[in-house]
Amino acid sequence: MKRKISLWGFAFAVLSVLTLTANAQIKITAEHNTVATATKAFNFKTVPPPARDDAAAKAKLQLVDGDLDPNGADLNALTDGVLPDDEDEPAKNLFFNAGTGGGRFSMDLGSTIEIARVNTYSWHPNTRGPQVYKLWASDGTDPKFNSAPKGDSDPTTCGWKLIAVVDTRAKQGDDGGQHGVSLTDASGSLGKYRYLLFDFYVTETGDDFGNTFYSEIDVVAKK
Ligand SMILES: [Ca+2]
Ligand SMILES: [Ca+2]
């Protein structure tokens with residue numbers, strides 16, 4: 001288990017550097033409601049609240065690498081439009097298994113669409129609140145396209161484009177509460193894609209419980 005954590009951590013450090021040059025136009029908006037202010041409405045300053053009828057609602061999700069925590073929900077919880085009612089509700093969140101360094105899953109939207117934004121939401125009273133992840137996207141047309149590249153392989157070598165590296169951990173102070181992230185592009189479109197690939201990472205390795213409680217992921221089609 002220790003080995004797995006360091007592997008994912010290494011991949012994260014390497015790819016963080018690459019992203020800075022790859023996607024200068026992508027805007028990452030990360031907002032936070034503290035434990036005291038978070039409510040089940042998931043209201044943020046500018047990040048829209050989670051939607052039930054977004055383009056991810058009918059997407060097919062597949063676990064590519066890693067183990068989900070049996071105390072949590074399955075992948076469908078990310079796109080079902082259902083939100084936890086309070087800050088520590090394992091059954092309504094997806095999270096990777098305790099003691100592991102996170103994992104990878106894919107989302108098939110069914111057809112290629114122009115994506116205006118991708119929003120991710122999480123809620124937990126302490127270190128499982130913030131989000132640390134990478135997102136790739138693909139239209140699936142590259143002859144080398146692999147829809148399920150394992151966690152130790154670089155998706156950009158098999159038809160994926162890195163969209164964003166997200167890290168909402170506070171530089172200092174409390175990370176607990178609700179985190180809402182919205183990925184947009186200055187052009188109004190993130191691009192035309194059918195497949196999304198997420199790597200979720202632990203927020204800390206001080207104990208076995210660093211895997212984030214993810215409540216929902218929305219993919220919003222450009223109108
Ligand atoms: Ca949704
Ligand atoms: Ca949900």
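Source: prediction; values computed, not measured.

1. Quick word on the coordination of the calcium ion (ligand 1)
For the calcium ion (ligand 1), the full set of protein donor atoms is A51 (O), D54 (OD), E216 (OE) and D218 (OD), and the range of their distances to it is 2.3 to 2.4 Å. Along the chain, the residues that donate to the calcium ion (ligand 1) are spaced as A-x2-D-x161-E-x1-D. Classification of D218 as buried rests on a relative accessible area of 1%.

2. Examining the confidence of the model for the protein
Looking at the protein, the pLDDT average stands at 92 and 89% of residues meet or exceed 70. pLDDT under 50 marks residues 13-21. Its contacts with residues more than four places away, or in other chains, come to nine contacts.

3. Brief notes about the pattern of salt bridges
Under the definition given, this model contains five salt bridges. Where K92 meets E89, a salt bridge forms, and the shortest distance between an N and an O atom there is 3.5 Å. Its salt-bridge partner being D167, residue R169 comes within 2.8 Å of it at the nearest N-O pair. Judged by relative accessible area, which is 32%, R169 ranks as partly exposed. On the basis of relative accessibility, which here comes to 39%, the residue D167 falls in the partly exposed class. Residues joined by salt bridges that share partners form a network here, namely D85, E89 and K92.

4. Details of the nonpolar core
If you look at the biggest cluster of nonpolar residues, it comprises 29 residues, and the most contacted ones within it are M107, V118, Y133, L183, L196, F198 and F200. Where this core is concerned, the elements lending two or more residues are β3 (102-124), β4 (132-138), β5 (161-167), β6 (177-185), β7 (191-201) and β8 (214-221). In terms of residue count, β3 provides more of this core than any other element does, five residues in total. Residues contacting V118, with those up to four places away along its chain left out, are L135, V181, S182, L183, L190, L196, F198, I217 and D218. In this structure, C158, W160, V165 and Y195 belong to the second largest nonpolar core, which totals nine residues.

5. Observations regarding the side chain of T29
With respect to the helices and strands, the residue T29 is situated in strand β1 (residues 26-33). T29 has contacts with T46, V47, G180, V181 and S182, leaving out every residue within four places of it along the chain.

6. A few points about the coordination of the calcium ion (ligand 2)
Around the calcium ion (ligand 2), the protein contributes the donor atoms A77 (O), D80 (OD), V82 (O), S215 (O) and E216 (OE), at 2.2 to 2.4 Å from the metal centre. Along the chain, the residues donating to the calcium ion (ligand 2) fall in the pattern A-x2-D-x1-V-x132-S-E. Overall, V82 belongs to the partly exposed group, its relative accessible area being 30%.

7. A short note on the packing of aromatic side chains
On inspection of all chains with the given rule, the structure shows 15 aromatic pairs. Each ring, one from F95 and one from F213, has its centre 4.2 Å from the other, and the planes form 15°; the classification is stacked. Here the residue F95 occupies a position in the loop between β2 (60-65) and β3, and F213 occupies one in the loop between β7 and β8, the gap between them amounting to 118 residues. Since its relative accessible area comes to 2%, F95 is described here as buried. Where F198 meets F200, the ring centres are 6.0 Å apart and the plane angle is 65°; that geometry is what we call edge-to-face. A residue is classified by how much of its surface remains accessible, and F198, at 0% relative accessible area, is buried. Under the relative-accessibility criterion, F200 is labelled buried at 2%. Here a set of aromatic residues connected by ring pairs shows up, and it is made of F96, F105, Y133, F198, F200 and Y214.

8. Some details on empty space enclosed by the protein
Evaluation of the coordinates by the stated rule reveals one cavity of 30 Å³ or more. A volume near 30 Å³ is recorded for the largest cavity. Tallied by class, the residues present in the lining of the largest cavity amount to six nonpolar, two polar and no charged.

Reading the values: rules and limits
Positions within a chain are numbered from 1, following the residues in the order the chain's sequence is written. Note on labels: chains are lettered from A, ligands numbered from 1, in written order. Given that the model is predicted, a residue must reach a pLDDT of at least 70 before its local features are reported, and side-chain atom pairs must reach 80 or more before they are shown or counted; all residues, however, enter totals for whole chains, interfaces and linings. Only hydrogens and water are removed before side-chain values are computed, so all heavy atoms of the structure are retained for them. Because water is not among the atoms used, a metal site may look incomplete, as its donors are only the N, O and S atoms within 2.8 Å, or 3.2 Å for Na, K and Ca. A simple rule labels every residue: compare its accessible area, found with a 1.4 Å probe on the protein chains alone, to the largest value its type can have, and call it buried under 20%, exposed over 50%, or partly exposed in between. Confidence scores here are pLDDT values: one per residue, from the predictor, ranging 0 to 100. Contacts are residue-level and defined by heavy atoms, with any inter-residue pair within 4.5 Å sufficient. Here a salt bridge means any side-chain nitrogen of Lys or Arg lying within 4 Å of a carboxyl oxygen belonging to Asp or Glu. Working definition of a nonpolar core: buried Ala, Val, Leu, Ile, Met, Phe, Trp, Tyr and Cys residues. They are joined through side-chain atoms within 4.5 Å. Strands here mean DSSP runs of E at least two residues long; helices mean DSSP runs of H or I at least four residues long; both are numbered from the N terminus. The rule is short: rings of Phe, Tyr and Trp, with Trp giving its six-membered ring, pair when the centres are within 6.5 Å, and they are stacked under 30 degrees, edge-to-face over 60, tilted in between. Using only the protein atoms, space was sampled on a 1 Å grid; points where a 1.4 Å probe fits but cannot get out form cavities, open sets with protein on both sides within 12 Å along at least five of seven lines form pockets, and lining residues are those with an atom within 4 Å of a point. Grid points are joined across faces, edges and corners, and a volume is the space filled by probe spheres set on the points. Charged residues are taken to be Asp, Glu, Lys and Arg, nonpolar residues to be Ala, Val, Leu, Ile, Met, Phe, Trp, Tyr, Cys and Pro, and polar residues to be all remaining types, Gly included.

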